Structures are given as structure tokens and as C-alpha cells.
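Letter by letter, the chains look like this.
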Amino acid sequence: MSILRFLLLVFSICLAAGPAAAGPGDGEIVSRERYRPSVGSYEALIADLSKRWRSSERDPPFDEKQFRRYFPPSRFEEMTHQRNVSFERMIYLVDGLRVPGFIVYPRHSTGKLPVLVYARGGNAAPLEPDWRQDLLGWAQRGYVVLATDYRGLPGHEGRDEFGGADVNDVLALAAVAPAIPEADLDNIFLYGHSRGSIMALNALARGMKVRAAAVTGTVSDLQALSAGREDMQKVFKQFMPDYDAERANRFCRRSAICWAEKIKTPVLIQHGGADWRSPPDQALKLADALQRNGGSYELVIYKDDDHRLGQNREAAVDRIFSWFDRHKVRSGAQ
């Protein structure tokens, strides 16, 4: 091994083992304002989604019937008028940057509520409308939901690093939680989808204190994911400032199979059996790595389902919250 390659390897490993503690000011809320849907009606939302649901011919078409069942008009109505659920945009500080995110919680709670930290998928694009509907649905289940849109969005500060320093945007949400009076700080949970699974698993490895975590559309081995995939190689090269070091180290800074022993939190892994964006072996590899390192996990593969778990979305979400329920503790318990 050359000296340069060795130094790059050491540099990448050191970055992956960075501290989990929030820095000065991390998690401070700079602004909060009521969120308003970008479309004016439920039917307009349906029309918008039907036009841009598929970004590839390999994606399944928009299933309007399924969407209407899972996201009924009543949910859009609640998001618009917010009679029972507060849905806010926020800007919070991370590494001195102003990072966009969301705060969603039931309005009429009489006690403390568990907290769900959500790490979205995608890159350099805001949380999609159907996932915003999900945030509201999760709050309706009795959770304070804190979601990050990450640094580097157009018009915002910082750079999207696809699992680099922007992992701090997820870690800092734990520091946001104390500013929400309804939040039960003894019961914080974490969920990451797709690229968000990279963020969530990295946050766990860096010591984020949550009771349990869940991942869907999991990415656990970026080297394998990018093999023969020019689209993914292009994304990695565009967004990773440490691309050369990562490539030399088989993208191990961002791949959970390289440091599964650091994940001490129980993890629910759910994946679509026909997911072409992140093939199911990504979930199997994560489960195998956790198994070999004594990790606690549950693995569910939905036969013939896609990256969004579109055929089993209700079942998958129900399973996530059942998983969280299993790991809740009485508030104040040690």
C-alpha cells in the first residue's frame, strides 16, 4: 500500500469515528413558522404527484388509489388548517450553518410525547410532498416529529455531502428536542429512508442516544451499490468532498457494513424485494453485519415491493411504530 493511500485510509477512518456531541450552538432554533402546503388543494397534490412520481422508467407508476387510501383528504385538510397538529418549518443551527427542517406535533397533548427524528432520502432536493404528509401522520400517532432537510439545499447554507459532515444535521436534532415542551427526552427514536439510512446509521455509530431506530430502502454498502451504476458514481463524485479518499477506502466512511460493531441501538430493517435503486442485498448485508457483531435487529423483506415500499407502506409504518413501542421506557426511568 502506498503512503498516500494509507494516509487517505486513516483520514477516512478517523472521520467515521468523529464525536457525537453537539457543538456550541448546535440545535438552537433560529426561526419557526407555520408550514403551508405548496399546492392549494388535495386534488392539486394528486395531480402534482402523478406527474413527477417516476424519475425512471424502472419505477412503478403512481398508484392513485393506494395514495388516496394511505393519505386521505382529511390529512391534507389537517395540514392546511392545523386544528389538531402543529406543522412548522424551522431553521436550526449546526456547525454554524442555518439548516432547514420541520417540527410537527399534536396540539392538545396533556403529557410528554415520544420524539421521532427523521432523516430523509434524496440529495439537494427538499423533503417530497408525500413524505411531508407522512410527518403529519406520524404526529397523529402521538409523536413529536423532528425532520431535517439537510444543509446545502438551494437557497440555504452549507454543502450536501451525502453522509459526510451533514450527518451532524441529524445528530443536532437531539439537541433541538429540549426546546419542544411536549418532547419526552427519555423516548427518542430515529428513522432513516434511503440516503437517510446512511445518515441514521452513521448517527447511531457516532453515539446518538435513541431507544430504537428503523431504516427503509437501506444503503449499507456504497461500493456495491455504485458498481456498474454510472448514476450513483456521478452522485458520489458530485456530492462527496472526500470522494477520492472514500473511493480508495471502498466508501467505508458511509457504509455501515464497515463499522456495524459501533451500532448498539436496536434497528428495524425493512426493504422492498424488487427495489432496483437499492437492491435488497443492501438490507441483507446490514443484517448480516449486525448479526456477526452481536447487534440487535429485525429484518423484513416485502416481496416484489419497490424502493418506497409503495405496496406495503401502511404495514411498514405500522411495524415501525410497533418496534418503537417495544422499546419505549417510562418517562424518567433510568
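Residues numbered from 1 in each chain as written. Predicted model: local features only at pLDDT ≥ 70, side-chain atom pairs only at ≥ 80, totals over all residues. Heavy atoms only, no water.

Caption draft 1: Looking closely at the state of the cysteines. Counted by the stated rule, this structure contains one disulfide. Paired by a disulfide, C252 and C258 hold their sulfur atoms 2.0 Å apart. The sign of the S-S torsion, about -60 degrees, decides the handedness of the disulfide formed by C252 and C258: left-handed. Looking at C258, the relative accessible area reads 31%, which means it is partly exposed. (Disulfide = S-S within 2.5 Å. Buried < 20%, exposed > 50% of the residue type's maximum accessible area, 1.4 Å probe, protein only.)

Caption draft 2: Seen up close, the pattern of salt bridges. Counted according to the given criterion, the structure contains 24 salt bridges. Between R308 and E128 there is a salt bridge, with the nearest N and O atoms lying 3.2 Å from each other. A residue pair is termed long-range when its members are at least 10 positions apart, and R308 in the loop between β9 (297–302) and α13 (313–327) and E128 in the loop between β4 (113–119) and α5 (129–140) qualify at 180 residues. On the basis of relative accessible area, E128 is assigned to the partly exposed category, the value being 32%. Measuring nitrogen to oxygen at the nearest pair gives 2.7 Å for the salt bridge that ties D169 to R151. One end of the pair, D169, is in helix α6 (residues 167–171); the other, R151, is in the loop between β5 (144–148) and α6, and 18 residues separate them in sequence. An identical accessibility class is assigned to D169 and R151; each is buried. By sharing partners, the salt bridges in this structure join D242, E246, R253 and R254 into a single network. (Salt bridge = Lys/Arg side-chain N within 4 Å of Asp/Glu carboxyl O. Helix = DSSP H or I, 4+ residues; strand = E, 2+ residues; numbered from the N terminus.)

Caption draft 3: Inspection of the packing of aromatic side chains at higher detail. According to the stated counting rule, one finds 20 aromatic pairs in the structure shown. Relative to Y191, the ring of Y118 has its centre 5.3 Å away and its plane inclined at 45 degrees; by these criteria the two rings are tilted. Here the residue Y118 occupies a position in strand β4, and Y191 occupies one in strand β6 (residues 183–193), the gap between them amounting to 73 residues. A relative accessible area of 1% means that Y118 is categorised as buried. A ring pair is formed by W138 and Y191, whose centres lie 5.6 Å apart and whose planes are at 65 degrees; its orientation type is edge-to-face. Here W138, found in helix α5, pairs with Y191, found in strand β6; they are 53 residues apart in sequence, far enough to count as distant. (Phe/Tyr/Trp six-rings, centres within 6.5 Å; stacked < 30°, edge-to-face > 60°.)

Caption draft 4: Just helix α8 (residues 195–205), in detail. For α8, the tally of buried residues reaches eleven of eleven residues, placing the bulk of the element in the interior. Residues of α8 that are buried include every one of R195, G196, S197, I198, M199, A200, L201, N202, A203, L204 and A205, and no others. Just beyond α8, the residue with positive phi is G207, at close to 95 degrees.

Caption draft 5: Focus on the layout of surface pockets. By volume, the largest pocket amounts to about 900 Å³. In terms of lining, the largest pocket is formed by 37 residues, of which the most central are S55, G122, S194, R277 and H307. Looking at which element gives the most residues to the lining of the largest pocket, the answer is helix α10 (residues 230–239), with three residues. Tallied by class, residues from the lining of the largest pocket come to 14 nonpolar, nine polar and 14 charged. (1 Å grid on protein atoms, 1.4 Å probe; cavity = no way out; pocket = protein on both sides within 12 Å on 5 of 7 lines; lining within 4 Å. Points joined across faces, edges and corners; volume = space filled by probe spheres on them. Nonpolar A, V, L, I, M, F, W, Y, C, P; charged D, E, K, R; others polar.)

Caption draft 6: Structural detail: the packing of helix α4 (residues 73–81) against α5. With their axes 10 Å apart at the nearest point, α4 and α5 run at an angle of 90 degrees to one another. Here α5 runs roughly perpendicular to α4, going by the angle between their axes. From α4, R75, F76, E78 and M79 reach across to α5, where they touch R132, Q133, D134, L136, G137 and Q140. The residue inventory of the contact of α4 with α5, partitioned by class, reads three nonpolar, three polar and four charged. (Axes fitted to C-alpha atoms, helices over the stretch in contact; angles between N-to-C directions. Parallel < 35°, antiparallel > 145°, perpendicular 65-115°, else oblique. Contact = heavy atoms within 4.5 Å.)

Caption draft 7: Region of interest: empty space enclosed by the protein. Evaluation of the coordinates by the stated rule reveals two cavities of 30 Å³ or more. Approximately 70 Å³ is the volume found for the largest cavity. Residue lining of the largest cavity: W131, D134, W138, Y191, H193, T216, R308, L309, R313, A316, V317 and I320, and that is the complete set. At the level of elements, α5, β6 and α13 are the ones that each hand at least two residues to the lining of the largest cavity. Taken together, the residues of the lining of the largest cavity sort by class into seven nonpolar, two polar and three charged. Its volume calculated, the second largest cavity comes out at about 60 Å³. Element by element, the count of residues in the lining of the second largest cavity is highest for α5, at three residues. Residue composition of the lining of the second largest cavity, by class: seven nonpolar, two polar and one charged.

Caption draft 8: Expanded view of the sheet that holds strand β3 (residues 97–106). The strand order across the open sheet formed by nine strands is β1-β2-β3-β5-β4-β6-β7-β8-β9, and the pairing between neighbours is mixed. Of all strands in the sheet, those bounded by a partner on one side alone are β1 (29–34) and β9. If you compare each strand with its neighbour and ignore which way they point, the axes differ by 20 degrees on average. The pairing of β4 with β6 spans six bridges and is parallel. Of the residues in β6, the one forming a bridge with V115 is I188. Its contacts with the sheet put helix α12 (residues 281–292) on β7 (212–216), β8 (267–272) and β9, and the angle it makes with β9 is roughly 160 degrees. (Pairing = 2+ DSSP bridges.)

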